[in-house]
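Analysis of the macromolecular model
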Amino acid sequence: MLFWLTALSDGGDVFNLFRYITFRAGGAFMTALLFGFLFGRPLIAVLRKKQGKGQPIRDDGPEGHFAKAGTPTMGGLLIVGALVTSTLLWARWDNPFMWIVLGVTLAFALIGFADDYAKVSKQNTAGVPGKVRLLLGFIIAGVAAFFATMNHPDMLQNQLAVPVFKDLLVNLGVLFIPFSIIVIVGSANAVNLTDGLDGLAIMPVMIAGGTLGIIAYAVGRVDFTDYLDVHYVPGTGELLIFTAALFGGGLGFLWYNAPPAAVFMGDTGSLALGGALGAIAVATKHELVLAIVGGLFVVEALSVIVQVLYFKRTGKRVFLMAPIHHHYEKKGWAEPQIVIRFWIISLILAMIGLATLKVR
């Protein structure tokens with residue numbers, strides 16, 4: 001919205017700053033961060049009052065989690081609120097990719113909110129049936145993928161870009177939409193599975209989001225794409241503002257989610273943020289790179305899939321408990337130890353993902 005102030009500029013005054021994506025990204029970061037600090041404590045107070053017993057704790061979970069009983073959930077409202085407010089304030093409203101990613105974020109946040117509300121109101125861990133969540137997720141992701149494809153350059157429509165090799169495009173044709181749906185829904189649910197320890201999910205989301213923001217800025221500038229040997233996707237640079245707001249809002253939330261957490265993100269936050277990462281990857285034509293920078297989420301999701309399939313087949317377990325962060329809890333690792341080590345892994349994967357931008 002503040003981009004409109006450029007209409008008041010004569011080219012050499014303070015209003016001219018609002019033309020620059022990097023300046024507006026900095027503003028979005030600070031706005032989201034302040035939003036988190038200002039509204040975090042009041043929101044937690046409201047959630048604690050409304051929810052009473054807080055988020056239900058699984059009976060079969062690690063023993064240490066019973067001490068967290070009574071902690072309110074739906075803290076994702078703080079992140080989403082900061083993210084949406086900052087993005088609308090600092091991003092250009094005529095950019096289709098901004099609305100696509102913002103729409104996915106809000107829609108998945110609503111699914112997560114309904115799930116959290118069902119859990120809290122009924123005081124059980126069932127929530128909204130999984131099939132309903134998946135169906136809604138597929139519909140949302142399908143709509144987002146369709147509009148993203150319509151806004152891609154003609155030469156990139158329905159094409160899967162392979163990292164490192166700029167000239168290698170795989171024409172998925174009619175399968176591109178289903179593939180994109182899997183990317184977005186898979187990302188949303190993978191982040192949701194990762195959100196099991198205090199601070200575990202939010203930092204890797206911020207790292208992956210920041211990495212995708214840099215990629216979005218790069219692929220949205222033709223001078224950068226020529227140098228970095230990546231495909232040019234006009235308009236994606238504006239997504240840097242969204243990811244900067246995500247980073248600021250994430251830090252604001254982490255202030256209250258750091259061990260011992262005063263509030264949990266809940267499905268409201270994890271589904272929204274995971275869906276946002278998938279949508280950005282589809283918009284920037286970096287779906288495969290998401291699997292690298294979000295590798296931690298991939299491992300968490302795979303650990304659940306492997307555990308379920310192996311147990312159904314043999315009656316035995318591969319891991320002491322899935323997702324895999326609970327496996328390490330069962331092995332005796334302290335919660336902060338698991339969280340920080342997973343953060344380190346996420347940062348390493350982000351660096352590898354950024355390395356795919358330059359192959360000369």
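Since the structure is predicted, the reported quantities are computational estimates derived from the model, not experimental observations.

Turning our eyes to something else, we now look at helix H4 (residues 130–150). Compared with the 30 Å implied by 1.5 Å per residue over 21 residues, the 30 Å span of H4 between its first and last C-alpha is a close match. Here H4 has its buried residues at Arg 133, Gly 137, Ile 140, Ala 141, Gly 142, Ala 144, Ala 145, Ala 148 and Thr 149. The elements touched by buried residues of H4 are helix H3 (96–122), helix H5 (176–194) and helix H9 (266–283).

At a closest axis distance of 7 Å, the pairing of helix H1 (residues 21–51) and helix H8 (residues 239–257) adopts a crossing angle of 30°. As judged from the angle between their axes, H1 and H8 are roughly parallel. As H1 packs across H8, the resulting crossing turns out to be right-handed. Of H8, the residues touching H1 (which contributes Ile 21, Arg 24, Ala 25, Ala 28, Phe 29, Ala 32, Leu 33, Gly 36, Phe 37, Gly 40, Arg 41 and Ile 44) are Leu 240, Ile 241, Ala 244, Ala 245, Phe 247, Gly 248, Gly 249, Leu 251, Gly 252, Trp 255 and Tyr 256. Its residues assigned to classes, the contact of H1 with H8 shows 16 nonpolar, five polar and two charged.

Grouped together as the largest cluster of nonpolar side chains are 88 residues, with contacts concentrated most on Phe 108, Ile 202, Phe 242, Leu 273 and Leu 277. No other element matches the twelve residues that helix H6 (residues 202–219) contributes to this core. Leaving out residues up to four positions away in the same chain, Leu 273 has contacts with Ile 79, Leu 83, Ile 202, Val 205, Leu 246 and Met 265. Membership of the second largest hydrophobic core comes to eight residues, among which are Leu 200, Leu 296, Phe 319 and Val 339.

Among the secondary structure elements, Thr 87 is positioned in helix H2 (residues 76–90). On the accessibility criterion, Thr 87 (0% relative accessible area) is buried. Non-local contacts of Thr 87, meaning those with residues more than four positions away in its chain, are made with Met 98, Leu 102, Phe 242 and Ala 245.

Turning our attention to the packing of aromatic side chains. In the structure shown here, the tally under the stated rule is twelve aromatic pairs. Their ring planes at 75° and their centres at 5.5 Å tell us that Phe 37 and Trp 255 sit as a pair that is edge-to-face. Here the residue Phe 37 occupies a position in helix H1, and Trp 255 occupies one in helix H8, the gap between them amounting to 218 residues. A residue is classified by how much of its surface remains accessible, and Phe 37, at 36% relative accessible area, is partly exposed.

Turning our attention to helix H11 (residues 295–314). For H11, which comprises 20 residues, the first-to-last C-alpha distance of 28 Å matches the rise-based estimate of 28 Å (1.5 Å per residue) to within 8%. Every buried residue belonging to H11 is among Gly 295, Leu 296, Phe 297, Glu 300, Ala 301, Ser 303 and Gln 307, and all of these are buried. Summarising the contacts, the buried residues of H11 are in contact with H5, H6, H9, helix H10 (287–293), helix H12 (324–330) and helix H13 (335–355). Looking one or two places after H11, you find Gly 315, whose phi comes out positive at around 80°.

Let us now look at the pattern of salt bridges. Counted under the stated rule, the structure contains seven salt bridges. Across the pair Arg 133 and Asp 115 runs a salt bridge whose closest N-O atoms are separated by 3.2 Å. Residue Arg 133 is found in helix H4, and its partner Asp 115 is found in helix H3; the two are separated by 18 residues along the sequence. On the basis of relative accessible area, Arg 133 is assigned to the buried category, the value being 16%. The class of Asp 115 is buried, set by a relative accessible area of 0%. Across the pair Asp 267 and Lys 119 runs a salt bridge whose closest N-O atoms are separated by 3.3 Å. Of this pair, Asp 267 sits in helix H9 while Lys 119 is found in helix H3, placing the two residues 148 residues apart along the sequence. On the accessibility criterion, Lys 119 (18% relative accessible area) is buried.

Rules and cut-offs
Residues numbered from 1 in each chain as written. Predicted model: local features only at pLDDT ≥ 70, side-chain atom pairs only at ≥ 80, totals over all residues. Heavy atoms only, no water. Helix = DSSP H or I, 4+ residues; strand = E, 2+ residues; numbered from the N terminus. Expected span 1.5 Å × (residues − 1). Buried < 20%, exposed > 50% of the residue type's maximum accessible area, 1.4 Å probe, protein only. Contact = heavy atoms within 4.5 Å. Axes fitted to C-alpha atoms, helices over the stretch in contact; angles between N-to-C directions. Parallel < 35°, antiparallel > 145°, perpendicular 65-115°, else oblique. Left-handed = near helix turned anticlockwise from the far one by under 90°. Nonpolar A, V, L, I, M, F, W, Y, C, P; charged D, E, K, R; others polar. Core = buried A, V, L, I, M, F, W, Y, C linked by side-chain atoms within 4.5 Å. Phe/Tyr/Trp six-rings, centres within 6.5 Å; stacked < 30°, edge-to-face > 60°. Salt bridge = Lys/Arg side-chain N within 4 Å of Asp/Glu carboxyl O.

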